[in-house]
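The chain contents come next:
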Amino acid sequence: QVQLVESGGGLVQPGGSLRLSCAASGDSFSPYAMAWYRQAPGKERELVAIITSGDTTNYGDSVKGRFTISSDNVKNTVSLQMNSLKPEDSAVYYCYADGRAPVNGPRRHYWGQGTQVTVSS
């Protein structure tokens, strides 16, 4: 069983920075990709950034140039560095992973519990 545990959310002023981290626990977890999604009240969940096992990255249009996703394939962790934060970045941020555990098991999608990010003065 794979569990994703997020950390790093909180309250920050506009223009500030936050770093989110997510650790995947589970025997022999082999992710194809890990990502961050977010969901604001009354809105659909949207992709923020994704990184594949080959380190290919992709970002939502609204965060390009401000957010950076990175991963440690050995530790199965993914981080999101968020700079120049805006009030519209306020949302619950969810860690996501697509992979197999163990490596010959079924391919599944996994979600973390979410961490709140609030950008406000």
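Before any of the text, the structure's been laid out above.
Definitions and limits used
- The numbers attached to residues start from 1 for each chain and follow its sequence in the written order.
- It should be noted that, the model being predicted, local features are given only for residues of pLDDT at least 70 and side-chain atom pairs only at 80 or more, the latter also being counted only at that level, while totals for whole chains, interfaces and linings use all residues.
- Side-chain numbers here rest on the full set of heavy atoms in the structure, without hydrogens or water.
- What counts as a helix is a DSSP run of H or I of at least four residues, what counts as a strand is a run of E of at least two, and both are numbered from the N terminus.
- Whether a residue is buried, partly exposed or exposed follows from its accessible area with a 1.4 Å probe, protein chains only, as a fraction of its type maximum: under 20%, in between, or over 50%, in that order.
- Contact definition: two residues touch when any of their heavy atoms are within 4.5 Å.
- Among buried residues, the Ala, Val, Leu, Ile, Met, Phe, Trp, Tyr and Cys ones that are joined through side-chain atoms within 4.5 Å form a nonpolar core.
- Cysteine sulfurs are considered disulfide-paired once they come within 2.5 Å of each other.
- Throughout this description, a polar contact denotes any pair of N or O atoms lying within 3.5 Å of each other; where both atoms belong to protein, one of them has to be capable of donating a hydrogen while the other can accept it, and for residues adjacent in sequence the pair is counted only when both atoms sit in side chains.
- Only one rule defines a salt bridge in this text: a Lys or Arg side-chain nitrogen within 4 Å of an Asp or Glu carboxyl oxygen.
- When DSSP locates at least two bridges between a pair of strands, those strands are taken to pair.

### Some thoughts on the environment of Cys22
Then comes step 1: Of note, Cys22 is situated in strand 3 (residues 18–25).
Then comes step 2: The buried category is assigned to Cys22, whose relative accessible area is 2%.
Then comes step 3: When the C-alpha positions of Cys22 and Tyr96 are compared, they lie 8.9 Å apart, and in sequence the two are 74 residues distant.
Then comes step 4: With sequence-adjacent residues up to four places away left out, Cys22 is seen in contact with Leu4, Val5, Glu6, Met34, Trp36, Asn76, Thr77, Val78 and Cys95.

### Digging into the nonpolar core
Then comes step 1: Membership of the largest hydrophobic core comes to 29 residues, with the highest contact counts inside it found for Leu4, Trp36, Leu80, Met82 and Tyr93.
Then comes step 2: When residues of this core are traced back to their parent elements, those giving at least two are strand 3, strand 4 (30–39), strand 5 (46–52), strand 7 (67–72), strand 8 (77–82), strand 9 (91–100) and strand 11 (115–119).
Then comes step 3: Setting aside its immediate chain neighbours within four residues, Tyr93 contacts Glu6, Leu20, Trp36, Tyr37, Arg38, Val48, Phe67, Leu80, Met82, Gly114, Thr115 and Val117.

### Structural notes on the state of the cysteines
Then comes step 1: On inspection of all chains with the given rule, the structure shows one disulfide.
Then comes step 2: Between the sulfur atoms of Cys22 and its disulfide partner Cys95 the distance amounts to 2.1 Å. Taking the sign of the S-S torsion, -85° for the link of Cys22 and Cys95, the bridge is left-handed. Highlighted residues: Cys22 in strand 3 and Cys95 in strand 9, separated in sequence by 73 residues. The same class applies to Cys22 as to Cys95, namely buried.

### Comments concerning the environment of Ser90
Then comes step 1: Relative to the assigned elements, Ser90 resides in the loop between strand 8 and strand 9.
Then comes step 2: Apart from residues no more than four positions distant in its own chain, Ser90 is found in contact with Ala40, Val117, Thr118 and Val119.
Then comes step 3: Separated by 2.9 Å, the side chain of Ser90 and the backbone oxygen of Pro87 make a polar contact.
Then comes step 4: Side-chain polar atoms of Ser90 contact the backbone nitrogen of Val119, separated by 2.8 Å.

### So, the pattern of salt bridges
Then comes step 1: In this structure the tally under the stated criterion is five salt bridges.
Then comes step 2: Here Glu46 ties to Arg38 by a salt bridge, and the two come within 2.6 Å at their closest N and O atoms.
Then comes step 3: With a relative accessible area of 6%, Arg38 lands in the buried category.
Then comes step 4: Connected through salt bridges with shared partners, the residues Arg38, Glu46, Arg66 and Asp89 form a single ionic network.

### With respect to the pairing of strand 3
Then comes step 1: Only one face of strand 3 is covered, namely the face carrying Leu18, Leu20, Cys22 and Ala24; the face carrying Arg19, Ser21, Ala23 and Ser25 is uncovered.
Then comes step 2: Alignment of strand 1 (residues 3–7) against strand 3, held across five bridges, turns out to be antiparallel. The residue of strand 3 that forms the bridge with Leu4 is Ala24.
Then comes step 3: Relative to strand 8, strand 3 is paired through six bridges, and the arrangement is antiparallel. Residue pairing across strands places Cys22 opposite Val78, the latter belonging to strand 8.

These figures come from the coordinates and say nothing about function on their own.
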